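Summary of the model geometry
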Amino acid sequence: MRKIVIAGNWKMNKTVAESVKLAAEVVAAAKDIKTVTVAIAPTYLALAKVAEVVAGSNVKLAAQDVHWENQGAFTGKVSADMLKEIGVDFVIIGHSEQRTYFGETDATVNKKVRKVQSLGMTPIICIGETLDERKSGQLESVLTRQVNGAYDGLSGDDALRTVIAYEPVWAIGTGVTASDDEAQQAHAFVRGLLATLYGDHVAQSISIQYGGSMKPENAAGLLAQADIDGGLIGGAALKADSFLGIITPGESLNK
Ligand code: PGA
């Protein structure tokens, strides 16, 4: 059975004080959530303070990125050990904004995934096609390249300790959401890729989130799809009530 995992990606929003406030609101809002795994990803700067707020609650802590080296001359970067020390559970890796603006490649995604896993944290591996890629019939080849790249060298046991976020780039922050059918088709394709790599049992056990303008109004329809196991939420995660409005429809869904 797969877990429904719903994570709020706060991106470059909220000061430390604002992050602490929002985290406290999410903790309060999610206190009765039982079956959904809920996580929030503040900026690096706010992680340590937010860790104190979520400690002992049912809200997990996520980071928005990581570097693959342990330490050294990598100005501006943060290592996996540093994240681990303050109690990070999930690390978002390969977000399309990282890929588009900061030179993330399938190879760096793979290095980050391995490093995060070696310390017992769970990577949320982001994949997804641009509008041009979809329009020119490259959806499947892009997803295949991204999945094969991210999982290169990972065993079936390693793969079981990953989450995927399928995020069509054209739906991120645009207000345009993939239809339930479009999203389900892409998710089923990704699960098929995992089955090719690791067999059915592993493929059926990996949670695949949808991301891209997910909000309370469309969450129930998306989450009801057979292969959609949660969400990676940007804009709608910046307010506790709209974030809860996405989490609630995920309760009691068995996949
Ligand atoms: P959005 O962002 O919900 O604002 O579209 C999703 C994401 O980038 O993870």
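Our structure is the block above this text.
Heads up: these notes are all about the structure in this document. Keep in mind the model is a prediction, meaning the values are calculated, not measured. (Residues numbered from 1 in each chain as written. Predicted model: local features only at pLDDT ≥ 70, side-chain atom pairs only at ≥ 80, totals over all residues. Heavy atoms only, no water.)

Observations regarding the overall build of the protein chain
- On a plain count of helices and strands, the protein chain comes out with twelve helices and eight strands.
- The C-alpha atoms of the protein chain give 17 Å as radius of gyration, which agrees with the globular expectation for 255 residues (18 Å, within 12%).
- By its C-alpha atoms, the protein chain is 45 × 45 × 35 Å across when sized along the principal axes.
- Burial statistics for the protein chain: of 255 residues in total, 52% are counted as buried.
- Sequence-distant contacts, at least 24 apart, represent 72% of the contacts inside the protein chain between residues at least 6 apart.
- When the accessible surface of the protein chain is split by element, carbon and sulfur atoms take 54% of a total near 11,000 Å².
- Of the charged side chains in the protein chain, 24 are positive and 29 negative; the average position of the first set lies 3 Å away from that of the second. (Helix = DSSP H or I, 4+ residues; strand = E, 2+ residues; numbered from the N terminus. Rg over C-alpha atoms; globule rule 2.2 N^0.38 Å. Buried < 20%, exposed > 50% of the residue type's maximum accessible area, 1.4 Å probe, protein only. Contact = heavy atoms within 4.5 Å. Areas by Shrake-Rupley, 256 points an atom, 1.4 Å probe, with all protein chains shown as cover. Lys, Arg positive; Asp, Glu negative; His and termini not counted. Charge placed at Lys NZ, Arg CZ, Asp CG, Glu CD.)

What about the site of the ligand?
- Taken together, 13 residues lie near the ligand, and Lys-11, His-95, Glu-167, Gly-173 and Ser-213 sit nearest.
- Take Lys-11: an N or O atom from its side chain is 2.7 Å from an oxygen atom of the ligand.
- At a separation of 2.7 Å, an oxygen atom of the ligand approaches a polar backbone atom of Ser-213.
- Within the complex, the protein chains bury 95% of what would otherwise be the 280 Å² of accessible surface of the ligand.
- Looking at the shell around the ligand residue by residue, the class counts come to four nonpolar, seven polar and two charged. (Near = heavy atom within 4 Å. Polar contact = N/O pair within 3.5 Å; in protein donor to acceptor, adjacent residues only side chain to side chain. Nonpolar A, V, L, I, M, F, W, Y, C, P; charged D, E, K, R; others polar.)

Remarks on the side chain of Gln-98
- Take Gln-98: it is sitting in helix H4 (residues 96-101).
- We classify Gln-98 as buried; its relative accessible area is 17%.
- Contact partners of Gln-98, with chain neighbours within four places excluded, come to Asp-65, Gly-103, Glu-104 and Lys-112.

A short note on the packing of aromatic side chains
- The full count for this structure, using the stated rule, is two aromatic pairs.
- Relative to Phe-102, the ring of Tyr-101 has its centre 6.3 Å away and its plane inclined at 80°; by these criteria the two rings are edge-to-face. (Phe/Tyr/Trp six-rings, centres within 6.5 Å; stacked < 30°, edge-to-face > 60°.)

A closer look at the packing of helix H7 (residues 139-150) against helix H9 (residues 180-198)
- Packing of H7 against H9 brings their axes to within 10 Å, and their N-to-C directions diverge by 45°. In terms of orientation, H7 lies oblique with respect to H9. H7 and H9 meet at a crossing whose hand is right-handed. Where H7 abuts H9, its residues Glu-140, Leu-143, Thr-144, Val-147 and Asn-148 lie against Ala-186, Phe-189, Val-190, Leu-193, Leu-194 and Leu-197.
- Within the contact of H7 with H9, the residues separate by chemical class into eight nonpolar, two polar and one charged. (Axes fitted to C-alpha atoms, helices over the stretch in contact; angles between N-to-C directions. Parallel < 35°, antiparallel > 145°, perpendicular 65-115°, else oblique. Left-handed = near helix turned anticlockwise from the far one by under 90°.)

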